[in-house]
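Topology and contacts: notes
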Amino acid sequence: MTRVFKPSTNVAPLIKFGRWSLLLLGISYGATKHSFLQNNADKTKETSYKLKAVKEIQLSEDKIKFAAEELNNLELILNPVKDV
């Protein structure tokens with residue numbers, strides 16, 4: 001079974017102009033919106049990287065402190081102080 005297509009119709013120039021102008025307007029709006037959102041995302045990402053670096057430094061200091069305390073506690077457990 002073959003499908004029969006209708007012959008194409010001519011679209012009015014005013015409608016063509018309206019379609020193209022709205023298409024270009026939408027593209028320009030999307031580009032400006034994307035640029036605005038990209039700038040905000042870059043700023044947010046930069047601050048999050050700074051906070052992450054500070055957090056990692058603090059975490060490493062806490063790990064070192066915890067390891068020293070653990071070694072001290074193990075030393076006390078393995079070599080108790082004898083009272084005479």
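An unreviewed UniProt entry lists the protein under the name ATP synthase F(0) complex subunit e, mitochondrial, from Acyrthosiphon pisum. Per its UniProt entry, the protein bears the Sequence similarities (unreviewed entry) comment "Belongs to the ATPase e subunit family." Listed under Subcellular location (unreviewed entry) in UniProt, the entry text for the protein is "Mitochondrion inner membrane".

1. Concerning the overall build of the protein
In terms of regular secondary structure, the protein is built from one helix and zero strands. Across its three principal directions, the C-alpha atoms of the protein cover 110 × 45 × 10 Å. Going through the 84 residues of the protein one by one, you find that 0% of them count as buried. As displayed, the protein offers around 8700 Å² of accessible surface, 65% of which is attributable to carbon and sulfur atoms. Separation between the mean location of the 13 positive side-chain charges and that of the 9 negative ones in the protein comes to 30 Å.

2. Observations concerning the pattern of salt bridges
Two side chains with opposite charge may pair up if their charged atoms get near one another. For the coordinates displayed, the defined rule picks out one salt bridge. Measuring nitrogen to oxygen at the nearest pair gives 3.6 Å for the salt bridge that ties Lys50 to Glu46. Of this pair, Lys50 and Glu46 both sit in helix α1 (residues 13–78), four residues apart, which is roughly one turn of that helix.

The rules we used
Residues numbered from 1 in each chain as written. Predicted model: local features only at pLDDT ≥ 70, side-chain atom pairs only at ≥ 80, totals over all residues. Heavy atoms only, no water. UniProt positions renumbered as here; feature names shortened; annotations may be inferred. Helix = DSSP H or I, 4+ residues; strand = E, 2+ residues; numbered from the N terminus. Buried < 20%, exposed > 50% of the residue type's maximum accessible area, 1.4 Å probe, protein only. Areas by Shrake-Rupley, 256 points an atom, 1.4 Å probe, with all protein chains shown as cover. Lys, Arg positive; Asp, Glu negative; His and termini not counted. Charge placed at Lys NZ, Arg CZ, Asp CG, Glu CD. Salt bridge = Lys/Arg side-chain N within 4 Å of Asp/Glu carboxyl O.

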